[in-house]
Amino acid sequence: MNRYEGRRALVTGGGSGIGQATVLRMLAEGGHVVAADVSAAGLADTVAKAGDAADRLTAIEVNIGDETSVTAGVAAAVEALGGLDVLVNAAGILRSSHTAETTLDQFQQVIQVNLVGTFLMIREAIPALLEGRDAAVVNFSSTSAMFAHPYMAAYAASKGGVQSMTHALAAEYAKQGIRFTAVQPGSISSGMTDGSGQSGQSRGPGLPEDADMSLFMKLAPAIGQGFAGPESVAGVVAMLASADGAFITGTEVRIDGGTHF
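Rules and cut-offs
- Residues numbered from 1 in each chain as written.
- Predicted model: local features only at pLDDT ≥ 70, side-chain atom pairs only at ≥ 80, totals over all residues.
- Heavy atoms only, no water.
- Core = buried A, V, L, I, M, F, W, Y, C linked by side-chain atoms within 4.5 Å.
- Buried < 20%, exposed > 50% of the residue type's maximum accessible area, 1.4 Å probe, protein only.
- Helix = DSSP H or I, 4+ residues; strand = E, 2+ residues; numbered from the N terminus.
- Contact = heavy atoms within 4.5 Å.
- Pairing = 2+ DSSP bridges.
- Right-handed = clockwise from strand over helix to strand, strands pointing away.
- Axes fitted to C-alpha atoms, helices over the stretch in contact; angles between N-to-C directions.

Draft legend 1. Examining the nonpolar core more closely. One finds Leu10, Leu87, Ile122, Leu129 and Phe180 to be the most contacted residues of the largest nonpolar core, which totals 32 residues. Secondary-structure elements contributing two or more residues to this core are strand S2 (32-37), helix H3 (67-81), helix H4 (104-130) and helix H5 (153-173). At nine residues, the largest contribution of residues to this core is made by H4. Apart from the residues lying within four places of it in its own chain, the contact partners of Phe180 are Ile122, Val137, Asn139, Thr166, Leu169, Ala170, Tyr173, Thr249, Gly250 and Thr251.

Draft legend 2. Spatial organisation of the pairing of strand S6 (residues 136-140). With five of five residues buried, S6 lies mostly within the body of the structure. In S6, alternate side chains face the same way, and those of Ala136, Val138 and Phe140 on one face and Val137 and Asn139 on the other are all buried. Pairing of strand S4 (residues 86-89) with S6 involves four bridges; the strand directions are parallel. Bridge pairing in S6 links Leu87 to Val137. A crossover links S6 with its parallel partner strand S7 (residues 179-185), the connecting element being H5, and its sense is right-handed.

Draft legend 3. Quick look at the sheet that holds S6. Judged by pairing direction, the sheet is parallel, and its seven strands sit side by side in the order S3-S2-S1-S4-S6-S7-S9 without closing on themselves. The strands lining the two open edges of the sheet, one partner per strand, are strand S3 (57-61) and strand S9 (251-255). Neighbour to neighbour, the strand axes of the sheet diverge by 15° on average, direction disregarded. When S6 meets S7, the two strands line up parallel, connected through five bridges. Along S7, the bridge assignment pairs Val137 with Phe180. Strands strand S1 (8-12), S2, S3, S4, S6 and S7 of the sheet are contacted by helix H1 (residues 17-28), whose axis makes an angle of about 165° with S1. Most of the contacts of helix H6 (residues 231-240) go to S7, to which it runs at about 165°, and overall it touches S4, S6, S7 and S9.

Shown next as structure tokens:
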């Protein structure tokens, strides 16, 4: 398939996990892609994995939680691509803790990166997307937005906000030709689930040392063998932002192997 031939995409969190998998998938389908990430090492890894497609890949360091960085990064991406057709907001962080022990700074950090960062990327990209071809934005919510995941109140709040914002933006820009969708990954192996607490942003702690793991027993995937790889989500993201997703907007797709029936 070459669904992305002539298509220009900006993917945050492009230095690792699902973001990196999405970059590589869009490149494999002929796209021109900017991978944005806070990690220079992660971006270098993505460029190396791009192989022969690296000539269609640009890597830009962006901290999505910082307004100045986002403004400069989106401008650089649009210039490098000569416009913009697709924005994928895959970058995010996960911080797990007992809520009674969570500081305001810790809570706000998660909101700042996951929710405010997604807003900033969208706000800065909208002018270019309005000039783009079949423009589409894919945001990253989570199964945490709708189902109970212990010790993750801040993360759940941030992803619930992303999901609600996606619906509002889809309505606001429907007549102007920008589609907004969201994915809800769950039971996916990535920086978010391997204990590093990251996906294209700074490293953070995993679950509390005294976490009651019995609270997570219901979260086992119903199909397959354990967690799926990030490419399982990348394929869905690529579909949503392509012509195959032209009649999909204002909704979310859960990708969790049946963890949450």
